[in-house]
Every structure is written in structure tokens, then in C-alpha cells.
Amino acid sequence: MKRTFFDKQEPNIMLMHANSQLLLENKFQFIHPYDMEPCRDIIAFVDGIDWTHVPFEDEEWNYMLNRQEYLLDLCLSFDITRDSIYLQKGKNLLLDWITQNQTSENWRTIDTGIRLMYWEIMINYLEQKSLLSVSDNEKIKQSIYQQLNYLDDNYIEKYDLSNWGILIVAGFFIISHRASDMCESSVYQRMLSRLTHQLHLQVQPSGNHWEQSPLYFMEVLRSIVCIHQSDVLKDHPVQTLLEEKILSMYHFMPHFVTPEGTTILQGDTDEMRIADVMQTLSLLYQQSLPPLFANHVTVDYLLLYFSHREIDYSTWEKNITQCVDEEFPKTMTDHFTGNYYYHDDWHSTSSYAHLYNGPLGSGHGHLSLCHIDVTLGGDNILVDSGRLTYVESPLRYLLKEAPQHNTVVINSHPFGEVVDSWGFEAVPTSLSNRVYEDDCFWAARSAYIDTQVNGDFKVVRTVLYLKEIASFIILDQVIDMGDNAFSNMTRYFNLNPEIKARQEQNHVSLDIKNKRYYAYFSEESMHVEESFFAPTYNDLVVNEKIVVTSSQPTQYTVLTKYSNAVVKETTVQKTDNKLCSEEKCYGMAITIDGQEWLIYSMIEDTYSGHKLYKIDGHPVYGQFGVVKIDRNNEENYMRLF
């Protein structure tokens, strides 16, 4: 069956078969879609594999080598060609690892769990082709037993809340049947209890993973699918819990994907295209599929293997078409982790936004409160800067800091402090989040406390999407909670590296793919500077960053495709006709082609004097709203918060 996917040049099977050719020559390259620390450089072992080798002074490469995920590539190449040379190579790699790793000195628990999962696949292929001798089987069984005990003995409590825990137990349950007569039943029960705790703790009710990294979300999801589909837990209640969590993660997963088809770079992650997982799970669990993930056939062969299903290319293509659902939910409101997502629709030319304001999560988190990702017309505009590396280095620290995200900095003092590759000296405290949507608007408001030596500041970011003109407004407001300690606000906007920014008199032009977008800012100081962007691990490129600074505590940004937009601050009065300060109520106006939107925002309650405000003479009330004045001067008022 898999031959049909190869003949049709399905991208994953082509990549895996090409990698098999390298493996036959003891050459290793890690560029698979879900490799946790990919590396394009090819390392060749001429005189036998050194399983302790660490090139580039990055131990992550060695961890990838020892996980042996590439064994699946060799199995698929055998399916395609029916040439046993690939299985023989897999056998040699497996047995060579055992011979050179008699002790756990070079082991880690996460890598052991992953390795055992892929061993199960290779061993099954070798058994089917009768390529294992009695002594081979005994050697493999003894090693499996040793590794299972290692996983149990070295399990620590923090794994209950870590992707490590899921990957450890997945490998254990997938392969433990091969040493069941040697393992004590108490070990199995402990692992079962650990899995139950992990599922309850790590997968939020929204379906998001608590670490908030799309990469580790995918690792956790794929691992629990393998457990569930392999049916190793059979009728145990945990099997039902697994399916519940899988489905909740499936419905969350599309929301951290932009219309360009790539995942956002929140925390430690890489840009990934996850259509293969979406399609595979859609078919395995009979779930609807957003159109964005159905443009071409793509398969996750790991998940397909453990499902024990055989599907040819034409059947796959037909079934995917039948799963496509234009009405798949376009918003995700995740109060549990403070992540808010909006898709205009599920096509590659739509607009998109993601706003984050929640708990840091694990060491994979970055200093990115109120960071926003923005896509216009299918083009990613505002982006996160990525992770690049886990090696202790200035670049690792830099990419975790607030200015490498689309954030607000008060008094030139970025919130939080990175101390090393995994730790922080301090982090800000996220507060409330609110979301609103109707046929005309999507809006999200987030707030956090920035604690500094000279004072505390409440920072409020409000994001408004005007659906009619496909434009975003980002409004940032600061409340000085001390004794006039506020002096300035700096805002950072990191751009897609494909964008060329050009500073104009009252805006910045953003050119990408023969299209132009426009960014309007209220600040008196604005410049464009070079920055760094890491789309994947070990891959660093130069991009541009817009930096705007002001001495005023309220500032706006408008992102639009319209060159004739007129954006300005506007007067706000109380009904006694006295002007009010912008700290009490701020007003701005956007005019495009003779149509005007008046936007007002209050971030502190009005508790004295007149309670009603007027923006350009139009009465308004509430924390945030819009007055639309159409070309016939007719008014439509909507309070959002």
C-alpha cells in the first residue's frame, strides 16, 4: 500500500526514503518534520558509529542519534522496495547500539522512551521477515528489560508535568510486552498511574498542552496516539481517557497554525507543517478537517503504523476530501493558558491573530506576555523570533527575552530576566483576559503587572480586528501604579524575514511577495533595525524589527492593506463637555475611503463625576467599543467590553 504514496511523491515518504540512503552509509541528518532538535549538517561515521559523539558542541545532536527514530525510515524503504537491505541495516543499528551501550552512562530517560517506541516497529518488521536469530532475540530482550527498569528507576515527580513523562511512558507501554515475563507487575502499575496523572495534569481542558510549545504539543499528542492506537491498554479506563485527550488536542491543534500553513513560534519550538498529523487523525478518528490542511495528501507514518490500517493513496485522498469542513471553529479562547486565536477563515489567504498572556509554563517558555502574531491576506506579518538552540549562549538568552517578541517595555527596562538556557530571575504576572466576537469584530484584551525597582505598572493590550476592512488595531495602555515613575514606553514588532520594511513619513510600508501592507504608529520616535529569526533549531536568519518609543502611556498600531488609511487620535469628553485625560478614556479614529471608525478604550473605572463619555461628540459607555460612521453619516455604535 505504501508504494502508492511513494509513486505519488507524498512528501514525508520521499524524505524518509532519501534518509534511508544516508543511513545505509552510516550518515546521519536530522530534518524530519518533528525532529526535536533538527540539524541539516550530515555527520558520517567511517569506522563505525560512536554513540557518544557530540559534534558542534551541542549535545542535542547526540540525543537525536540515540533516539533512533530513523529506524522507521528503513522500514518504510523496505515497504517501498521490498529490499531486505534496509531491514538488515536497521538490525545492525539496533544491535550495535546494544553492544556499545551496556550501561546507562550515555542514556537519558526521554531518549530511552522514544528509542523503545521505534525499536518496537523495527523488531516487528525483523520478526516478520525472520531476520532475528535466537541469540539476537535474547540480546534484544535483555536490553529492553534493562531500559524498562531504567525508565522506572529514574522517573522523577516533575515528569508528571513534562513532555518527558509522556514520551517515557509511551515507549514503556509500546514495548513492555516483549519483557513482560521479566518485569514486576508493580512497575507496570506505577507507569499506568503516572500516565493517568500526566494526562490529567498536562492536557488542559481546552486541549492545549501546559508547556505551550507547538513542538512539544505535537510530541505529546503523537505519543499518546501511538499508545491508544496500538491498543496495548485494551479496555482499561485509561484507554478512554487517552481518546478524550487526543480529540481535545486535535481540535485545539489547528489554531496555532497560521494561514501560511506553519505553526507559530511560541516558546521553544520550530516552524512545522502539521497537515500530516491533521489528516491522519482526521481519518483514524473520523473528525472534520479544516480546508487549510487538505491541500494535498500527507501522512504521519508513525501514527499510521500503530493503527495497523492499510490505506492506499486514492482512498486516502477520497476520504480526506469527505472530511473537509468549512465550518470548523475559527476561534479558540483558552483561558487556562492565556492563549487566544482567531482565523478569518480556514484558507491560505485569510487573516489570523494569536495573543498570549498567561503563565510561563515550563523552561520552554519565553518572556512574551501580550505577544501577538498577526497574518494579513495569508502573509505572516508579526512573528515570534524562535529558539535557535539549547546551547548556553548569548543568542539563546536573547531569543527568550521580551524585545524578541512583539511586546511592550516600560522605561527601557524589559520585564523579566533570563539567567540561563532554562531559567529566569523574574517573570511578570499576567492578569485578566477578555475576548469578544460578532459578525463585525474580533477583540481580545489582556493585562499584566510589570514590577520594576522604581514602580509597578499595569500594562493593557487590546487587539481589535475589523472584519469589514481586514485590518488589525493594537492598542497599548499603561497605568502607573506608583508615584509618577513612568517615563517612556517602547514597543517591539518583529517582522517575517520575507518582509522588507520601509519607513515613510507617517507609516512603515511592508513589502512581501509582490504585495504591500501598511503599519501606522502613534509614536513620535520610530525606526527599523536588523534582528534575528530562527525558523528551526540550528537555523538563524536576519529579519527586521520595528521599534517605536513614546513618552505617552497610550499608543496604537494599525496593520492594514489600505494605503489611503488616515489614522489619528481624537478627542474624548465627558458629557459636561470637559476633555478627559487619555489615562481615563482614550480615543482614536480610522478613516478609509470616506468611512470612519471611532475607537475608544477605558482601562480604569470611572467612579466620579459624569460617567458618560463622548468621542467626537458620539456618546459611548463601557471599557471598549467602536462607533462606525458610514459614508452617509449614519452611526452604528457597538460596545465590545
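Keep in mind that what you see is a predicted model, and the values were worked out from it rather than measured.

*Asks:* Teacher, can you tell me more about the sheet that holds strand E15 (residues 489–494) here?
*Replies:* In a beta sheet, neighbouring strands pair by backbone hydrogen bonds and run either parallel or antiparallel. On the basis of which strands lie adjacent, the open sheet formed by 4 strands has the order E8-E15-E20-E19 and antiparallel pairing. Pairing within the sheet leaves two strands with one partner each, and these edge strands are strand E8 (408–410) and strand E19 (525–536). Neighbour to neighbour, the strand axes of the sheet diverge by 30° on average, direction disregarded. Pairing between E15 and strand E20 (residues 539–550): 6 bridges, direction antiparallel.

*Asks:* How do you make sense of the packing of helix H8 (residues 163–175) against helix H9 (residues 185–202) when you look at a structure like this?
*Replies:* Between H8 and H9, whose axes approach to 10 Å, the crossing angle comes to 140°. As the angle between them shows, H8 and H9 are arranged oblique. Seen from above, H8 lies across H9 with left-handed handedness. Across the interface between the two elements, Asn163, Gly165, Ile166, Ile168, Val169, Phe172 and Phe173 from H8 touch Val187, Tyr188, Met191, Leu192, Arg194, Leu195, Gln198, Leu199 and Gln202 from H9. Within the contact of H8 with H9, the residues separate by chemical class into 11 nonpolar, 4 polar and 1 charged.

*Asks:* Looking at this model, I keep getting lost on unusual backbone geometry. Mind explaining?
*Replies:* In the Ramachandran plot, Cys370 falls in the positive-phi region, its phi being about 65° despite a non-glycine side chain. Turning to its location among the elements, Cys370 is positioned in the loop between strand E5 (352–356) and strand E6 (371–376). Taking the relative accessible area as the measure of exposure, Cys370 reaches 2% and is therefore buried. At Asn577, a residue that is not glycine, the phi angle is positive and equals roughly 70°. Relative to the helices and strands, Asn577 resides in the loop between strand E23 (572–574) and strand E24 (586–592).

*Asks:* Help me out: how do you make sense of the nonpolar core in this one?
*Replies:* Nonpolar side chains in soluble globular proteins tend to end up buried together. Counting 123 residues, the largest nonpolar core has Phe28, Trp119, Met253, Phe256 and Ile274 as the members making the most contacts within it. Sorting elements by how many residues they give to this core places helix H6 (residues 109–128) first, with 11 residues. Among the nonpolar cores identified, the runner-up in size contains 30 residues, and Ala353, Tyr465, Phe472 and Met526 belong to it.

*Asks:* Any chance you could explain the sheet that holds strand E11 (residues 429–437) here in plain terms?
*Replies:* Here we have 8 strands laid out as an open sheet, ordered E11-E12-E13-E14-E21-E18-E17-E16, and antiparallel in their pairing. The open sheet terminates on both sides in strands that have one partner only, identified here as E11 and strand E16 (500–503). With strand direction ignored, the average angle separating the axes of adjacent strands in the sheet is 15°. The pairing of strand E13 (residues 455–466) with strand E14 (residues 471–480) spans 10 bridges and is classified as antiparallel. Bridge pairing in E14 links Arg461 to Asp476.

*Asks:* Could you clarify how one ought to interpret empty space enclosed by the protein in this entry?
*Replies:* A probe matching the size of a water molecule, rolled over the atoms, marks out where space remains unfilled. Considering all chains together, one arrives at 6 cavities of 30 Å³ or more under this definition. Of the voids in this model, the largest cavity is the one considered here, and its volume is about 280 Å³. At the level of elements, helix H2 (11–23), strand E1 (27–30), helix H4 (71–81) and helix H13 (301–307) are the ones that each hand at least two residues to the lining of the largest cavity. The leading source of residues in the lining of the largest cavity is H2, at 4 residues. The calculated volume of the second largest cavity comes to roughly 100 Å³.

*Asks:* What am I meant to see in the packing of aromatic side chains here?
*Replies:* For any two aromatic rings, the description comes down to two numbers: the centre-to-centre distance and the angle of the planes. Evaluated as defined, the whole model comprises 33 aromatic pairs. On the basis of an interplanar angle of 65° and a centroid distance of 5.3 Å, the ring pair of Phe415 and Tyr448 is categorised as edge-to-face. With a gap of 33 residues between them, Phe415 in the loop between E8 and strand E9 (417–418) and Tyr448 in strand E12 (residues 441–452) connect regions that are remote in the sequence. Per residue, the accessibility class of Phe415 equals that of Tyr448, and both read buried. Within the aromatic cluster, the residues linked to one another by ring pairs are Phe28, Phe30, Phe45, Trp61 and Tyr70. When the ring centre of Trp107 is taken as origin, the NZ or CZ atom of Arg115, which lies over that ring, is 6.0 Å away. Across the ring face of Trp422, the terminal group of Arg396 is positioned such that the distance to the ring centre comes to 4.9 Å.

*Asks:* Mind showing me how you'd approach the environment of Met249 here?
*Replies:* Mapped onto the secondary structure, Met249 falls in helix H11 (residues 237–252). Sequence separation between Met249 and Glu392 is 143 residues; the distance between their C-alpha atoms is 32 Å. Sequence-distant contacts of Met249, that is, excluding residues within four places in its chain, are made with Val203, Gly207, Phe217, Val220, Leu221 and Ile224.

*Asks:* It is not clear to me how helix H5 (residues 85–100) should be interpreted in this structure. Could you clarify?
*Replies:* The α-helix advances 3.6 residues per turn, and as a result positions three or four apart in sequence lie on the same side. Under the 1.5 Å per step criterion, the end-to-end length of H5 is 22 Å for 16 residues, consistent within 8% with the ideal 22 Å. Of the residues making up H5, those classed as buried are Tyr86, Leu87, Lys89, Gly90, Lys91, Leu93, Leu94, Leu95, Trp97 and Ile98. On its buried face, H5 is in contact with H2, E1, helix H3 (59–67), H4, H6 and helix H7 (134–153).

*Asks:* Whenever I open this one, the layout of surface pockets confuses me. Can you help?
*Replies:* Reported here for the largest pocket is a volume of approximately 760 Å³. Surrounding the largest pocket, 33 residues form its lining, Ile31, Pro33, Glu271, Met272 and Arg273 being those nearest its centre. Here the residues of the lining of the largest pocket are counted per class, giving 15 nonpolar, 9 polar and 9 charged. Of the pockets and cavities examined, the second largest pocket occupies roughly 390 Å³. Residue assignment for the lining of the second largest pocket shows that the elements contributing at least two residues are H3 and H8. Counted by class, the lining of the second largest pocket contains 9 nonpolar, 5 polar and 6 charged residues.

Quick notes on the rules
Residues numbered from 1 in each chain as written. Predicted model: local features only at pLDDT ≥ 70, side-chain atom pairs only at ≥ 80, totals over all residues. Heavy atoms only, no water. Pairing = 2+ DSSP bridges. Helix = DSSP H or I, 4+ residues; strand = E, 2+ residues; numbered from the N terminus. Axes fitted to C-alpha atoms, helices over the stretch in contact; angles between N-to-C directions. Parallel < 35°, antiparallel > 145°, perpendicular 65-115°, else oblique. Left-handed = near helix turned anticlockwise from the far one by under 90°. Contact = heavy atoms within 4.5 Å. Nonpolar A, V, L, I, M, F, W, Y, C, P; charged D, E, K, R; others polar. Buried < 20%, exposed > 50% of the residue type's maximum accessible area, 1.4 Å probe, protein only. Core = buried A, V, L, I, M, F, W, Y, C linked by side-chain atoms within 4.5 Å. 1 Å grid on protein atoms, 1.4 Å probe; cavity = no way out; pocket = protein on both sides within 12 Å on 5 of 7 lines; lining within 4 Å. Points joined across faces, edges and corners; volume = space filled by probe spheres on them. Phe/Tyr/Trp six-rings, centres within 6.5 Å; stacked < 30°, edge-to-face > 60°. Lys NZ or Arg CZ within 6 Å of the ring centre and 35° of its normal. Expected span 1.5 Å × (residues − 1).

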